[in-house]
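What the coordinates show
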Amino acid sequence: MLKRQVRSRNIWIVIGSLVLGLVTAGVAVAQQPVGPPGPHARGRSLMTAEDREAVAQIFWHRTQERLGLTDQQVTDIHGLLEAQRATARADVRSLIEARRQLQTLVNQPTTDAAAIQTAASHVKELQAKLFDQRLQTQLAVRAKLTPEQWQQWQTLRRGTGHRGWHRGGGFRGGLM
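Everything quoted here is computed from the prediction, not taken from an experiment. (Residues numbered from 1 in each chain as written. Predicted model: local features only at pLDDT ≥ 70, side-chain atom pairs only at ≥ 80, totals over all residues. Heavy atoms only, no water.)

1. Digging into the pattern of salt bridges
- Under the definition given, this model contains three salt bridges.
- With a closest N to O distance of 3.7 Å, D76 and K144 form a salt bridge. Placement of D76 in helix α3 (residues 71–107) and of K144 in helix α4 (residues 113–144) is noted, with a sequence separation of 68 residues between them.
- Judged by its relative accessible area of 36%, K144 is partly exposed.
- Taking the shortest distance from any N to any O, the salt bridge between R85 and E82 comes out at 2.6 Å. Of this pair, R85 and E82 both sit in helix α3, separated by three residues, roughly a single helical turn. (Salt bridge = Lys/Arg side-chain N within 4 Å of Asp/Glu carboxyl O. Helix = DSSP H or I, 4+ residues; strand = E, 2+ residues; numbered from the N terminus. Buried < 20%, exposed > 50% of the residue type's maximum accessible area, 1.4 Å probe, protein only.)

2. Description of helix α2 (residues 49–67)
- Between the first and last C-alpha of α2 there are 27 Å, a value that for 19 residues agrees with the 27 Å anticipated at 1.5 Å per step.
- For α2, the complete set of buried residues consists of W60, T63, Q64 and L67. Mapping the buried residues of α2 onto a view down its axis gives an arc of 100 degrees, with all of them on the same face. Relative to its buried face, α2 has exposed residues pointing more than 90 degrees away, namely E50, Q57, E65 and R66.
- For α2, the elements touching its buried residues are α3 and α5 (147–159).
- Positive backbone phi, approximately 70 degrees, marks G68, located one or two places after α2. (Expected span 1.5 Å × (residues − 1). Arc of directions from axis to C-beta. Contact = heavy atoms within 4.5 Å.)

3. Things to note about the environment of L145
- Assignment of secondary structure puts L145 in the loop between α4 and α5.
- As for L145 and T70, which are separated by 75 residues in sequence, their C-alpha atoms are 9.9 Å apart.
- Residues contacting L145, with those up to four places away along its chain left out, are L69, Q73, I77, W150 and W153.

Here it is, written out as structure tokens:
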């Protein structure tokens, strides 16, 4: 009987210690900040400009090695893609805003159908413009490469899962 009481007491001591440990750990975790110091505001990049430059250099170095590009080809293609990105940035923002306006009109039960059609036409125009820009960029890149390099370029692009800009309601399908 005494052994049973000692064993029962020991079990309760262990259970009490575990509960106390879990409560103490929970309080300690709750007091620690989650994630990196300081809040991450939407729209602010986690990478610095230097980080982005380093990643770009690694990307272009690997691409040059895998495709056998000359330094001039790398410079030309990089310039083409940067110019396209700069040109498309404002159009993408306009497309996002146009889609939001269209969705707002569709969600309002009293909106005139003609207003919705007009907003939808504006979205279609912006999508077509971005598609045309991507197509022109793709043709310009293709013109800078040999047929073998172009095939390898397409293979590499498919391998990265690159399907266009995704965040913030941007376009999803993509030629580039």
